[in-house]
Amino acid sequence: MLKMTNLYDVSKCTACRGCQVACKDWNQLPAVIEPFTGNYQTHETTNGDTYTIVKFIEQIDDVKGIQWNFLKFQCMHCFDPECMKVCPTDCIKQTEWGAVIKDYDKCIGCHYCTYACPFEIPQYRKRQDITTKCTLCYERVEEGLTPACARTCPTGALQFGEREELLIQARERVKFLKANGFPNATIYGEKELGGLNKLYVLTDTPDKFDLPVDPKVSGNIGFWQNWVQPYFGWLIPVTLGASALSFVTSRLLANKAPAHTEGGHE
Amino acid sequence: MQWIPEYKADVPRVERFNFLARFSHWGHTVTFLLCLFTGLALFLSDAGWLAAIFGGYAGAGLVHRIAAVGLTIILAIGMVAGFKGIIAWFQDILRFGVNDIMFIVKFPLEFFGFPVKVPPQTRFNGGEKGNSMVTPTMVILLVLSGYIMWFPAIFPGGLVRVAYWTHDIAMVLGTVMVSMHAYLGSFHPGSGESFWGMWKGTVRADWAKHHHAIWYEETYGDKKDAE
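Within every chain, residues take consecutive numbers counted from 1 along the sequence as written. To label them, take the chains in the order written and letter them from A, then take the ligands in the order written and number them from 1. Totals for whole chains, interfaces and linings use all residues, but because this is a predicted model, local features are given only for residues with pLDDT of at least 70 and pairs of side-chain atoms are given and counted only at 80 or more. Side-chain calculation: all heavy atoms of the structure are included, whereas hydrogens and water are not.

(A) Seen up close, helix 1 (residues 18-27) of chain A. Residue and element names in this part refer to chain A. Looking only at helix 1, the buried set comprises Cys19, Gln20, Ala22, Cys23, Lys24 and Asn27. Note on contacts: a residue pair qualifies if any of its non-hydrogen atoms lie within 4.5 Å across the two residues. Only DSSP runs of H or I with at least four residues qualify as helices, and only runs of E with at least two residues qualify as strands; both kinds are numbered from the N terminus onward. Its buried side turned inward, helix 1 meets strand 2 (53-61), strand 3 (65-73), helix 4 (138-141), helix 5 (148-152) and strand 8 (158-162). A positive phi of about 55° marks Gln28, the residue just after helix 1. To sort residues, take the accessible area from a 1.4 Å probe on protein chains only and compare it with the maximum for the residue type: under 20% means buried, over 50% means exposed, and anything in between is partly exposed.

Pasting the structure below:
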(Lines give C-alpha, C1' and ligand atoms only; values in the text may rest on other atoms or scores of the structure.)
Protein backbone atom coordinates (compact mmCIF):
# COMPACT_ATOMS: atom_id res chain seq x y z
CA MET A 1 0.00 0.00 0.00
CA LEU A 2 1.15 3.56 -0.64
CA LYS A 3 2.75 5.34 2.29
CA MET A 4 0.82 8.33 3.53
CA THR A 5 2.87 10.95 5.33
CA ASN A 6 3.47 14.53 6.41
CA LEU A 7 5.86 16.87 4.66
CA TYR A 8 7.10 19.63 6.92
CA ASP A 9 8.86 22.52 5.21
CA VAL A 10 10.77 24.59 7.78
CA SER A 11 11.21 27.44 5.32
CA LYS A 12 7.46 28.05 5.48
CA CYS A 13 7.03 27.50 9.23
CA THR A 14 6.36 30.61 11.36
CA ALA A 15 6.39 28.64 14.61
CA CYS A 16 2.81 29.65 15.38
CA ARG A 17 2.39 26.31 17.13
CA GLY A 18 -1.10 25.84 15.75
CA CYS A 19 -0.08 22.21 15.09
CA GLN A 20 0.77 21.75 18.78
CA VAL A 21 -2.64 23.05 19.84
CA ALA A 22 -4.52 21.08 17.17
CA CYS A 23 -2.71 17.92 18.30
CA LYS A 24 -3.69 18.52 21.94
CA ASP A 25 -7.24 19.25 20.86
CA TRP A 26 -7.75 16.16 18.73
CA ASN A 27 -6.01 13.81 21.15
CA GLN A 28 -7.73 15.44 24.16
CA LEU A 29 -4.47 16.04 25.99
CA PRO A 30 -4.23 18.37 28.99
CA ALA A 31 -1.87 21.35 29.01
CA VAL A 32 1.59 20.73 30.43
CA ILE A 33 3.15 23.89 31.75
CA GLU A 34 6.90 23.90 32.06
CA PRO A 35 8.95 26.74 33.59
CA PHE A 36 10.43 29.42 31.34
CA THR A 37 14.00 28.56 30.40
CA GLY A 38 15.01 31.66 28.45
CA ASN A 39 13.62 30.30 25.18
CA TYR A 40 10.29 30.61 23.40
CA GLN A 41 10.10 26.83 23.09
CA THR A 42 7.14 25.61 25.15
CA HIS A 43 8.56 22.28 26.28
CA GLU A 44 12.04 20.89 26.52
CA THR A 45 10.97 17.90 24.43
CA THR A 46 7.83 15.84 23.83
CA ASN A 47 6.20 14.50 26.98
CA GLY A 48 3.46 12.08 28.01
CA ASP A 49 0.72 14.61 27.19
CA THR A 50 2.47 16.49 24.36
CA TYR A 51 2.95 14.45 21.21
CA THR A 52 4.43 17.25 19.13
CA ILE A 53 6.36 20.45 19.81
CA VAL A 54 7.92 23.19 17.75
CA LYS A 55 11.57 23.54 18.67
CA PHE A 56 13.20 26.99 18.70
CA ILE A 57 16.86 26.50 17.95
CA GLU A 58 19.29 29.41 17.99
CA GLN A 59 22.32 29.13 15.72
CA ILE A 60 25.16 31.60 15.52
CA ASP A 61 26.40 31.86 11.95
CA ASP A 62 29.62 33.77 11.25
CA VAL A 63 28.20 35.36 8.11
CA LYS A 64 24.46 35.61 8.74
CA GLY A 65 24.58 36.30 12.47
CA ILE A 66 22.02 34.69 14.73
CA GLN A 67 19.75 32.22 12.96
CA TRP A 68 16.50 31.11 14.52
CA ASN A 69 15.59 27.66 13.31
CA PHE A 70 12.18 26.12 13.93
CA LEU A 71 11.46 22.42 13.85
CA LYS A 72 8.25 20.51 14.37
CA PHE A 73 9.33 17.49 16.36
CA GLN A 74 7.36 14.29 16.97
CA CYS A 75 7.49 10.54 16.29
CA MET A 76 9.16 9.90 12.91
CA HIS A 77 7.11 6.73 12.16
CA CYS A 78 10.20 4.81 10.96
CA PHE A 79 9.65 2.19 8.24
CA ASP A 80 11.61 -0.22 10.44
CA PRO A 81 10.54 0.86 13.93
CA GLU A 82 12.89 -0.31 16.66
CA CYS A 83 10.28 0.51 19.34
CA MET A 84 8.01 -2.14 17.82
CA LYS A 85 10.75 -4.77 18.04
CA VAL A 86 11.64 -4.18 21.68
CA CYS A 87 8.07 -3.90 23.03
CA PRO A 88 7.60 -6.90 25.35
CA THR A 89 3.80 -6.82 25.16
CA ASP A 90 3.58 -6.26 21.38
CA CYS A 91 1.54 -3.11 21.91
CA ILE A 92 3.15 -1.24 18.98
CA LYS A 93 1.85 -1.85 15.47
CA GLN A 94 2.49 -0.40 12.04
CA THR A 95 -0.36 0.37 9.70
CA GLU A 96 -0.07 -0.55 6.03
CA TRP A 97 0.26 3.11 5.07
CA GLY A 98 3.11 3.68 7.55
CA ALA A 99 1.79 4.98 10.86
CA VAL A 100 3.42 3.44 13.94
CA ILE A 101 0.73 3.25 16.60
CA LYS A 102 0.48 2.11 20.20
CA ASP A 103 -2.28 0.16 21.90
CA TYR A 104 -2.32 1.91 25.27
CA ASP A 105 -4.38 -0.89 26.85
CA LYS A 106 -1.42 -3.21 26.37
CA CYS A 107 1.34 -0.74 27.29
CA ILE A 108 2.94 -1.43 30.67
CA GLY A 109 5.16 1.66 30.85
CA CYS A 110 8.43 -0.28 30.74
CA HIS A 111 10.21 2.49 28.78
CA TYR A 112 11.93 0.01 26.42
CA CYS A 113 10.58 1.91 23.39
CA THR A 114 11.84 5.26 24.72
CA TYR A 115 15.43 4.08 24.91
CA ALA A 116 15.32 1.93 21.77
CA CYS A 117 14.13 4.93 19.72
CA PRO A 118 17.05 6.72 18.01
CA PHE A 119 15.24 10.00 18.76
CA GLU A 120 14.08 8.98 22.29
CA ILE A 121 10.57 10.08 21.36
CA PRO A 122 8.06 7.90 23.30
CA GLN A 123 7.54 9.64 26.61
CA TYR A 124 6.16 8.50 29.93
CA ARG A 125 2.63 9.44 31.05
CA LYS A 126 2.72 8.90 34.79
CA ARG A 127 -1.02 9.06 35.51
CA GLN A 128 -1.63 5.98 33.33
CA ASP A 129 1.79 4.32 33.65
CA ILE A 130 2.25 4.21 29.85
CA THR A 131 4.54 5.73 27.26
CA THR A 132 2.89 7.79 24.53
CA LYS A 133 3.74 9.33 21.18
CA CYS A 134 2.33 10.79 17.97
CA THR A 135 -0.14 8.48 16.21
CA LEU A 136 0.01 10.20 12.79
CA CYS A 137 -3.72 10.63 13.55
CA TYR A 138 -4.31 7.16 12.10
CA GLU A 139 -7.94 7.18 13.17
CA ARG A 140 -8.50 10.41 11.17
CA VAL A 141 -6.49 9.24 8.17
CA GLU A 142 -8.34 5.95 7.97
CA GLU A 143 -11.60 7.94 7.76
CA GLY A 144 -10.20 10.00 4.89
CA LEU A 145 -9.22 13.08 6.92
CA THR A 146 -5.79 14.67 7.24
CA PRO A 147 -3.90 14.64 10.56
CA ALA A 148 -4.92 17.42 12.94
CA CYS A 149 -1.55 19.20 12.72
CA ALA A 150 -1.47 19.26 8.92
CA ARG A 151 -5.11 20.36 8.69
CA THR A 152 -4.54 23.38 10.91
CA CYS A 153 -1.23 24.67 9.49
CA PRO A 154 -1.97 28.21 8.18
CA THR A 155 1.17 28.66 6.07
CA GLY A 156 1.18 25.33 4.29
CA ALA A 157 4.43 24.29 5.99
CA LEU A 158 2.74 21.02 6.90
CA GLN A 159 1.14 18.94 4.20
CA PHE A 160 -0.28 15.46 4.16
CA GLY A 161 -0.44 13.07 1.24
CA GLU A 162 1.21 10.22 -0.58
CA ARG A 163 4.87 9.97 0.32
CA GLU A 164 6.09 9.61 -3.28
CA GLU A 165 4.25 12.74 -4.39
CA LEU A 166 5.45 14.71 -1.39
CA LEU A 167 9.02 13.61 -2.11
CA ILE A 168 8.81 15.02 -5.64
CA GLN A 169 7.53 18.26 -4.17
CA ALA A 170 10.28 18.25 -1.51
CA ARG A 171 13.01 17.79 -4.14
CA GLU A 172 11.65 20.73 -6.10
CA ARG A 173 11.56 22.84 -2.96
CA VAL A 174 15.14 21.92 -1.98
CA LYS A 175 16.29 22.82 -5.48
CA PHE A 176 14.55 26.19 -5.14
CA LEU A 177 15.98 26.84 -1.68
CA LYS A 178 19.51 25.95 -2.78
CA ALA A 179 19.26 28.50 -5.59
CA ASN A 180 17.85 31.16 -3.26
CA GLY A 181 20.28 31.56 -0.39
CA PHE A 182 20.14 28.17 1.37
CA PRO A 183 23.00 26.16 -0.17
CA ASN A 184 22.78 23.51 2.54
CA ALA A 185 19.04 22.87 2.11
CA THR A 186 18.23 19.18 2.30
CA ILE A 187 15.51 16.57 2.64
CA TYR A 188 15.40 14.66 5.92
CA GLY A 189 13.55 11.38 6.34
CA GLU A 190 13.89 10.01 2.82
CA LYS A 191 16.74 7.61 3.57
CA GLU A 192 17.48 8.01 7.28
CA LEU A 193 17.10 4.68 9.16
CA GLY A 194 15.88 3.07 5.97
CA GLY A 195 13.23 5.74 5.53
CA LEU A 196 11.02 7.73 7.88
CA ASN A 197 7.32 8.21 7.36
CA LYS A 198 7.74 11.90 8.15
CA LEU A 199 9.48 14.08 5.61
CA TYR A 200 11.32 17.32 6.31
CA VAL A 201 12.59 20.06 4.04
CA LEU A 202 15.39 21.73 6.00
CA THR A 203 17.07 25.02 5.10
CA ASP A 204 20.36 23.85 6.58
CA THR A 205 22.09 20.62 7.66
CA PRO A 206 20.10 18.43 10.11
CA ASP A 207 22.44 19.12 13.05
CA LYS A 208 21.37 22.80 12.89
CA PHE A 209 17.86 21.57 13.68
CA ASP A 210 18.75 19.34 16.64
CA LEU A 211 18.33 16.25 14.44
CA PRO A 212 20.94 13.49 14.29
CA VAL A 213 22.73 13.70 10.91
CA ASP A 214 22.95 9.94 10.62
CA PRO A 215 20.50 8.46 13.15
CA LYS A 216 21.31 4.93 14.27
CA VAL A 217 19.78 2.37 16.56
CA SER A 218 22.13 2.03 19.54
CA GLY A 219 24.47 -0.98 19.41
CA ASN A 220 23.35 -1.78 22.95
CA ILE A 221 19.78 -2.27 21.75
CA GLY A 222 20.92 -4.39 18.77
CA PHE A 223 23.05 -6.64 20.99
CA TRP A 224 20.18 -6.99 23.46
CA GLN A 225 17.51 -7.74 20.86
CA ASN A 226 19.47 -9.77 18.29
CA TRP A 227 21.76 -11.82 20.54
CA VAL A 228 20.80 -11.80 24.21
CA GLN A 229 17.02 -12.12 23.91
CA PRO A 230 16.76 -14.84 21.24
CA TYR A 231 19.71 -17.09 22.15
CA PHE A 232 21.07 -16.50 25.61
CA GLY A 233 18.02 -17.69 27.51
CA TRP A 234 18.49 -21.23 26.16
CA LEU A 235 21.18 -21.75 28.79
CA ILE A 236 18.39 -22.09 31.37
CA PRO A 237 16.55 -25.07 29.82
CA VAL A 238 19.94 -26.69 29.06
CA THR A 239 20.84 -26.47 32.74
CA LEU A 240 17.46 -27.77 33.86
CA GLY A 241 17.73 -30.62 31.37
CA ALA A 242 21.21 -31.57 32.60
CA SER A 243 19.93 -31.57 36.18
CA ALA A 244 16.99 -33.80 35.24
CA LEU A 245 19.36 -36.17 33.43
CA SER A 246 21.69 -36.23 36.43
CA PHE A 247 18.73 -36.93 38.72
CA VAL A 248 18.06 -40.13 36.77
CA THR A 249 21.60 -41.28 35.94
CA SER A 250 23.02 -40.66 39.41
CA ARG A 251 20.25 -42.79 40.91
CA LEU A 252 20.65 -45.55 38.32
CA LEU A 253 24.40 -45.68 38.89
CA ALA A 254 23.89 -45.59 42.67
CA ASN A 255 21.61 -48.64 42.46
CA LYS A 256 24.44 -50.56 40.84
CA ALA A 257 26.76 -49.73 43.72
CA PRO A 258 24.41 -49.04 46.65
CA ALA A 259 27.20 -48.72 49.21
CA HIS A 260 28.40 -45.58 47.54
CA THR A 261 25.49 -43.39 48.50
CA GLU A 262 24.49 -44.83 51.87
CA GLY A 263 23.20 -41.91 53.94
CA GLY A 264 24.11 -39.31 51.36
CA HIS A 265 27.62 -40.29 50.30
CA GLU A 266 29.87 -43.29 50.76
CA MET B 1 13.23 -43.69 45.74
CA GLN B 2 15.02 -41.31 48.06
CA TRP B 3 14.81 -37.61 47.25
CA ILE B 4 17.07 -36.23 49.95
CA PRO B 5 18.83 -38.10 52.76
CA GLU B 6 16.94 -38.36 56.00
CA TYR B 7 17.76 -35.84 58.73
CA LYS B 8 19.49 -37.70 61.55
CA ALA B 9 19.45 -35.85 64.86
CA ASP B 10 21.04 -38.65 66.87
CA VAL B 11 24.45 -38.55 65.18
CA PRO B 12 27.26 -36.04 65.89
CA ARG B 13 26.51 -32.83 63.98
CA VAL B 14 28.51 -29.65 63.37
CA GLU B 15 27.26 -26.15 62.53
CA ARG B 16 27.65 -25.21 58.89
CA PHE B 17 25.57 -22.03 58.50
CA ASN B 18 24.43 -19.67 61.27
CA PHE B 19 20.97 -18.15 61.47
CA LEU B 20 21.84 -14.97 59.60
CA ALA B 21 23.35 -16.91 56.69
CA ARG B 22 20.26 -19.11 56.47
CA PHE B 23 17.85 -16.14 56.78
CA SER B 24 19.73 -14.35 54.03
CA HIS B 25 19.88 -17.49 51.85
CA TRP B 26 16.18 -18.31 52.02
CA GLY B 27 15.18 -14.65 51.87
CA HIS B 28 17.08 -14.39 48.61
CA THR B 29 15.51 -17.65 47.41
CA VAL B 30 11.95 -16.34 47.80
CA THR B 31 12.59 -12.85 46.42
CA PHE B 32 14.81 -14.09 43.57
CA LEU B 33 12.24 -16.63 42.41
CA LEU B 34 9.42 -14.06 42.60
CA CYS B 35 11.51 -11.65 40.54
CA LEU B 36 12.43 -14.44 38.14
CA PHE B 37 8.92 -15.62 37.34
CA THR B 38 7.47 -12.11 37.09
CA GLY B 39 10.45 -11.01 34.99
CA LEU B 40 10.23 -13.98 32.64
CA ALA B 41 6.78 -12.70 31.68
CA LEU B 42 8.61 -9.91 29.86
CA PHE B 43 11.75 -11.81 28.82
CA LEU B 44 9.89 -14.64 27.09
CA SER B 45 7.74 -13.69 24.15
CA ASP B 46 4.09 -14.73 24.38
CA ALA B 47 4.29 -15.30 28.12
CA GLY B 48 1.01 -13.59 28.94
CA TRP B 49 -0.07 -16.72 30.83
CA LEU B 50 2.87 -16.22 33.20
CA ALA B 51 1.87 -12.62 33.83
CA ALA B 52 -1.74 -13.78 34.35
CA ILE B 53 -0.65 -15.75 37.44
CA PHE B 54 0.24 -12.41 39.03
CA GLY B 55 -2.89 -10.65 37.79
CA GLY B 56 -1.58 -9.45 34.44
CA TYR B 57 1.47 -7.47 33.41
CA ALA B 58 0.72 -4.63 35.84
CA GLY B 59 0.39 -7.09 38.74
CA ALA B 60 3.54 -8.93 37.69
CA GLY B 61 5.37 -5.60 37.52
CA LEU B 62 4.22 -4.70 41.01
CA VAL B 63 5.25 -8.09 42.45
CA HIS B 64 8.59 -7.76 40.62
CA ARG B 65 9.27 -4.37 42.21
CA ILE B 66 8.14 -5.40 45.71
CA ALA B 67 10.27 -8.56 45.56
CA ALA B 68 13.20 -6.54 44.19
CA VAL B 69 13.02 -4.12 47.12
CA GLY B 70 12.76 -7.11 49.49
CA LEU B 71 15.83 -8.65 47.86
CA THR B 72 17.73 -5.38 48.22
CA ILE B 73 16.79 -5.12 51.91
CA ILE B 74 17.89 -8.72 52.58
CA LEU B 75 21.10 -8.05 50.68
CA ALA B 76 21.73 -4.96 52.82
CA ILE B 77 20.93 -6.79 56.08
CA GLY B 78 23.21 -9.65 55.11
CA MET B 79 26.03 -7.31 54.15
CA VAL B 80 25.81 -5.16 57.29
CA ALA B 81 24.85 -7.64 60.02
CA GLY B 82 26.78 -10.51 58.47
CA PHE B 83 29.84 -8.52 57.50
CA LYS B 84 32.23 -10.88 59.32
CA GLY B 85 30.61 -13.89 57.71
CA ILE B 86 30.88 -12.33 54.26
CA ILE B 87 34.57 -11.61 54.83
CA ALA B 88 35.11 -15.23 55.90
CA TRP B 89 33.18 -16.41 52.84
CA PHE B 90 35.27 -14.19 50.61
CA GLN B 91 38.50 -15.40 52.21
CA ASP B 92 37.48 -18.99 51.57
CA ILE B 93 36.77 -18.17 47.91
CA LEU B 94 40.26 -16.67 47.66
CA ARG B 95 41.71 -20.01 48.78
CA PHE B 96 40.96 -21.31 45.27
CA GLY B 97 43.78 -23.77 44.59
CA VAL B 98 44.80 -27.04 42.96
CA ASN B 99 42.28 -29.05 45.00
CA ASP B 100 39.48 -26.82 43.67
CA ILE B 101 40.66 -27.17 40.08
CA MET B 102 40.79 -30.96 40.53
CA PHE B 103 37.29 -30.84 41.94
CA ILE B 104 35.91 -28.89 38.96
CA VAL B 105 37.69 -31.14 36.46
CA LYS B 106 36.29 -34.32 38.02
CA PHE B 107 32.91 -32.88 38.90
CA PRO B 108 31.07 -33.57 35.60
CA LEU B 109 31.49 -37.31 36.28
CA GLU B 110 30.33 -36.96 39.86
CA PHE B 111 27.39 -34.89 38.60
CA PHE B 112 25.99 -37.77 36.56
CA GLY B 113 26.64 -40.29 39.34
CA PHE B 114 29.99 -41.89 38.47
CA PRO B 115 32.08 -42.62 41.56
CA VAL B 116 35.13 -40.33 41.67
CA LYS B 117 37.75 -39.48 44.26
CA VAL B 118 38.29 -35.76 44.80
CA PRO B 119 41.04 -34.11 46.89
CA PRO B 120 40.11 -32.64 50.31
CA GLN B 121 38.11 -29.41 50.12
CA THR B 122 37.91 -26.27 52.27
CA ARG B 123 34.61 -24.92 53.59
CA PHE B 124 33.39 -24.46 50.02
CA ASN B 125 34.47 -26.87 47.32
CA GLY B 126 35.61 -25.81 43.86
CA GLY B 127 32.09 -25.76 42.45
CA GLU B 128 30.69 -23.91 45.44
CA LYS B 129 33.47 -21.36 45.12
CA GLY B 130 32.47 -20.82 41.51
CA ASN B 131 28.84 -20.42 42.49
CA SER B 132 29.87 -18.05 45.31
CA MET B 133 31.67 -15.88 42.80
CA VAL B 134 29.11 -15.88 39.99
CA THR B 135 25.71 -15.77 41.71
CA PRO B 136 26.33 -12.79 44.06
CA THR B 137 27.95 -10.88 41.19
CA MET B 138 24.91 -11.51 39.03
CA VAL B 139 22.52 -10.50 41.84
CA ILE B 140 24.42 -7.25 42.37
CA LEU B 141 24.34 -6.57 38.61
CA LEU B 142 20.60 -7.33 38.59
CA VAL B 143 19.99 -4.92 41.48
CA LEU B 144 22.04 -2.11 39.93
CA SER B 145 20.65 -2.48 36.40
CA GLY B 146 17.16 -2.99 37.82
CA TYR B 147 17.06 0.32 39.66
CA ILE B 148 18.47 2.09 36.59
CA MET B 149 15.60 0.63 34.52
CA TRP B 150 13.07 1.48 37.22
CA PHE B 151 14.11 5.16 37.41
CA PRO B 152 15.51 5.82 33.92
CA ALA B 153 14.83 9.56 34.05
CA ILE B 154 17.62 10.18 36.58
CA PHE B 155 20.26 8.26 34.62
CA PRO B 156 21.88 8.97 31.24
CA GLY B 157 20.11 7.24 28.33
CA GLY B 158 23.24 5.29 27.38
CA LEU B 159 23.41 3.73 30.83
CA VAL B 160 19.74 2.68 30.61
CA ARG B 161 20.44 0.92 27.29
CA VAL B 162 23.41 -0.92 28.87
CA ALA B 163 21.19 -1.88 31.81
CA TYR B 164 18.69 -3.64 29.49
CA TRP B 165 21.08 -6.32 28.26
CA THR B 166 23.00 -6.44 31.54
CA HIS B 167 19.77 -7.28 33.36
CA ASP B 168 18.99 -10.08 30.89
CA ILE B 169 22.48 -11.62 30.88
CA ALA B 170 22.75 -11.42 34.67
CA MET B 171 19.28 -12.98 34.95
CA VAL B 172 20.20 -15.91 32.67
CA LEU B 173 23.58 -16.60 34.30
CA GLY B 174 22.09 -16.12 37.77
CA THR B 175 19.22 -18.49 36.99
CA VAL B 176 21.60 -21.09 35.52
CA MET B 177 23.66 -20.99 38.72
CA VAL B 178 20.60 -20.96 40.96
CA SER B 179 18.99 -23.95 39.24
CA MET B 180 22.25 -25.93 39.37
CA HIS B 181 22.71 -24.90 42.98
CA ALA B 182 19.13 -25.81 43.89
CA TYR B 183 19.49 -29.28 42.39
CA LEU B 184 22.96 -29.94 43.81
CA GLY B 185 21.92 -28.66 47.21
CA SER B 186 18.93 -30.97 47.44
CA PHE B 187 18.20 -33.91 45.14
CA HIS B 188 21.68 -34.76 43.91
CA PRO B 189 22.62 -37.96 45.78
CA GLY B 190 26.25 -36.93 46.13
CA SER B 191 25.56 -33.81 48.18
CA GLY B 192 22.24 -34.43 49.91
CA GLU B 193 23.37 -33.70 53.46
CA SER B 194 24.32 -30.16 52.45
CA PHE B 195 20.59 -29.38 52.27
CA TRP B 196 20.32 -29.79 56.05
CA GLY B 197 23.30 -27.48 56.45
CA MET B 198 21.26 -24.67 54.99
CA TRP B 199 17.85 -25.77 56.32
CA LYS B 200 18.68 -26.68 59.92
CA GLY B 201 22.14 -25.16 60.11
CA THR B 202 24.03 -28.35 60.97
CA VAL B 203 25.46 -31.26 59.00
CA ARG B 204 26.57 -34.71 60.06
CA ALA B 205 30.15 -34.55 61.32
CA ASP B 206 31.20 -37.58 59.27
CA TRP B 207 29.74 -35.98 56.13
CA ALA B 208 31.62 -32.75 56.85
CA LYS B 209 34.84 -34.67 57.39
CA HIS B 210 34.38 -36.54 54.14
CA HIS B 211 33.23 -33.65 51.93
CA HIS B 212 35.06 -30.67 53.41
CA ALA B 213 38.06 -32.26 55.11
CA ILE B 214 40.20 -29.11 55.31
CA TRP B 215 37.34 -27.04 56.74
CA TYR B 216 36.42 -29.76 59.23
CA GLU B 217 39.97 -30.16 60.47
CA GLU B 218 40.43 -26.43 60.85
CA THR B 219 37.10 -25.78 62.54
CA TYR B 220 36.19 -28.87 64.48
CA GLY B 221 39.37 -30.95 64.25
CA ASP B 222 40.32 -30.59 67.91
CA LYS B 223 36.84 -31.64 69.02
CA LYS B 224 36.93 -34.81 66.96
CA ASP B 225 38.52 -36.94 69.67
CA ALA B 226 36.21 -35.62 72.40
CA GLU B 227 33.20 -37.12 70.71
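Okay, back to it.
(B) Quick look at a negative patch on the surface. All names here are of chain A. A cluster of acidic residues, Glu96, Glu139, Glu142 and Glu143, forms a negative patch at the surface. Position of Glu96 relative to the elements: it lies in the loop between strand 4 (92-94) and strand 5 (100-102). By relative accessible area, Glu96 is classed as exposed at 60%. The residues that make up patches have over 30% relative accessible area and no salt bridge, and they are joined within 9 Å when like-charged or within 5 Å when they are Val, Leu, Ile, Met, Phe, Trp or Tyr. Here the Shrake-Rupley method, with its probe set to 1.4 Å, supplies the accessible areas, and only the displayed protein chains count as covering residues. Each salt bridge in this description consists of a side-chain nitrogen of Lys or Arg and a carboxyl oxygen of Asp or Glu lying within 4 Å of one another. By the counting rule applied here, Lys and Arg register as positive and Asp and Glu as negative, while His and the ends of each chain are not counted. Charge placement uses NZ in Lys and CZ in Arg. For Asp and Glu, CG and CD serve respectively.

(C) Molecular detail of the side chain of B:His188. For B:His188, the location among the structural elements is in the loop between helix 7 (157-184) and helix 8 (193-199). In contact with B:His188, not counting residues within four places along its chain, are A:Ser246, A:Ser250, B:Glu110, B:Phe111 and B:Tyr183.

(D) Spatial organisation of the nonpolar core. Working definition of a nonpolar core: buried Ala, Val, Leu, Ile, Met, Phe, Trp, Tyr and Cys residues. They are joined through side-chain atoms within 4.5 Å. If you look at the biggest cluster of nonpolar residues, it comprises 39 residues, and the most contacted ones within it are A:Tyr8, A:Leu71, A:Phe73, A:Met76, A:Phe119, A:Leu202 and A:Leu211. Residue assignment for this core shows that the elements contributing at least two residues are helix 1, strand 2, strand 3, helix 5, strand 8 and strand 10 (198-202) of chain A. Among the elements that make up this core, the one with the highest residue count is strand 2 of chain A (4 residues). Ignoring anything within four residues of it in the chain, the contact list for A:Met76 reads A:Phe119, A:Ile121, A:Leu196, A:Asn197, A:Lys198, A:Tyr200 and A:Leu211. B:Leu36, B:Ala60, B:Ala170 and B:Val172 belong to the second largest nonpolar core, which has 20 residues in total.

(E) A look at the domain arrangement of chain A. Taken domain by domain, chain A consists of domain 1 (4-217) and domain 2 (221-264). Segment limits for the domains were obtained from an automatic or database-derived domain assignment. A straight line from the C-alpha centre of domain 1 of chain A to that of domain 2 of chain A covers 51 Å.

(F) The packing of aromatic side chains, seen in detail. Whether two aromatic rings pair depends on their centres lying within 6.5 Å, for rings of Phe, Tyr and Trp, where Trp uses its six-membered ring; planes under 30 degrees apart make the pair stacked, over 60 edge-to-face, and the rest tilted. By the definition in use, this model includes 31 aromatic pairs over all chains. On the numbers, 5.1 Å between centres and 45° between planes, the contact of A:Phe247 with B:Trp3 is tilted. Taken together, the positions of A:Phe247 in helix 8 (residues 235-256) and B:Trp3 in the segment before strand 1 (13-15) put the pair across two chains. On the basis of an interplanar angle of 15° and a centroid distance of 5.9 Å, the ring pair of B:Phe195 and B:Trp199 is categorised as stacked.

(G) Highlighting the pairing of strand 2 of chain A. Residue and element names in this part refer to chain A. Sheet topology note: the strand 2/strand 3 ladder contains 9 bridges and is antiparallel. Pairing of Lys55 across the sheet is with Leu71, part of strand 3. In this structure, the hairpin formed by strand 2 and strand 3 is closed by a connection of 3 residues. When DSSP locates at least two bridges between a pair of strands, those strands are taken to pair.

(H) Quick peek at the interface of chain B and chain A. The interface of chain B with chain A comprises 42 residues on the first partner and 37 residues on the second. Summed over both partners, the accessible area (1.4 Å probe) lost when two parts come together is defined as the buried area. Across the interface of chain B and chain A, roughly 3,700 Å² is buried in total on both sides, 65% from carbon and sulfur atoms. Our count for the contact surface shared by chain B and chain A stands at 1 salt bridge. Between B:Arg161 and A:Glu120 there is a salt bridge, and its shortest N-O distance comes to 3.3 Å. Pairing of N or O atoms within 3.5 Å defines a polar contact, subject to two protein rules: one partner must be a possible hydrogen donor and the other a possible acceptor, and residues neighboring in sequence count only if both atoms are side-chain atoms. Seen at the junction of chain B and chain A, the total is 14 residue pairs in polar contact (both at pLDDT 80 or more). Sorting the residues of the side of chain B that touches chain A by element identifies helix 1 (19-43), helix 5 (98-111), helix 7 and helix 9 (205-211) of chain B as the ones contributing at least two each.

(I) Representation of a nonpolar patch on the surface in the model. All names here are of chain B. Residues Met79, Val80, Ile86, Trp89, Ile140 and Leu144 make up a contiguous nonpolar surface patch of roughly 530 Å² in combined accessible area. For the nonpolar patch, the elements supplying multiple residues, two or more each, are helix 3 (56-81), helix 4 (83-94) and helix 6 (126-150). Here Ile86 is to be found in helix 4. A relative accessible area of 31% means that Ile86 is categorised as partly exposed.

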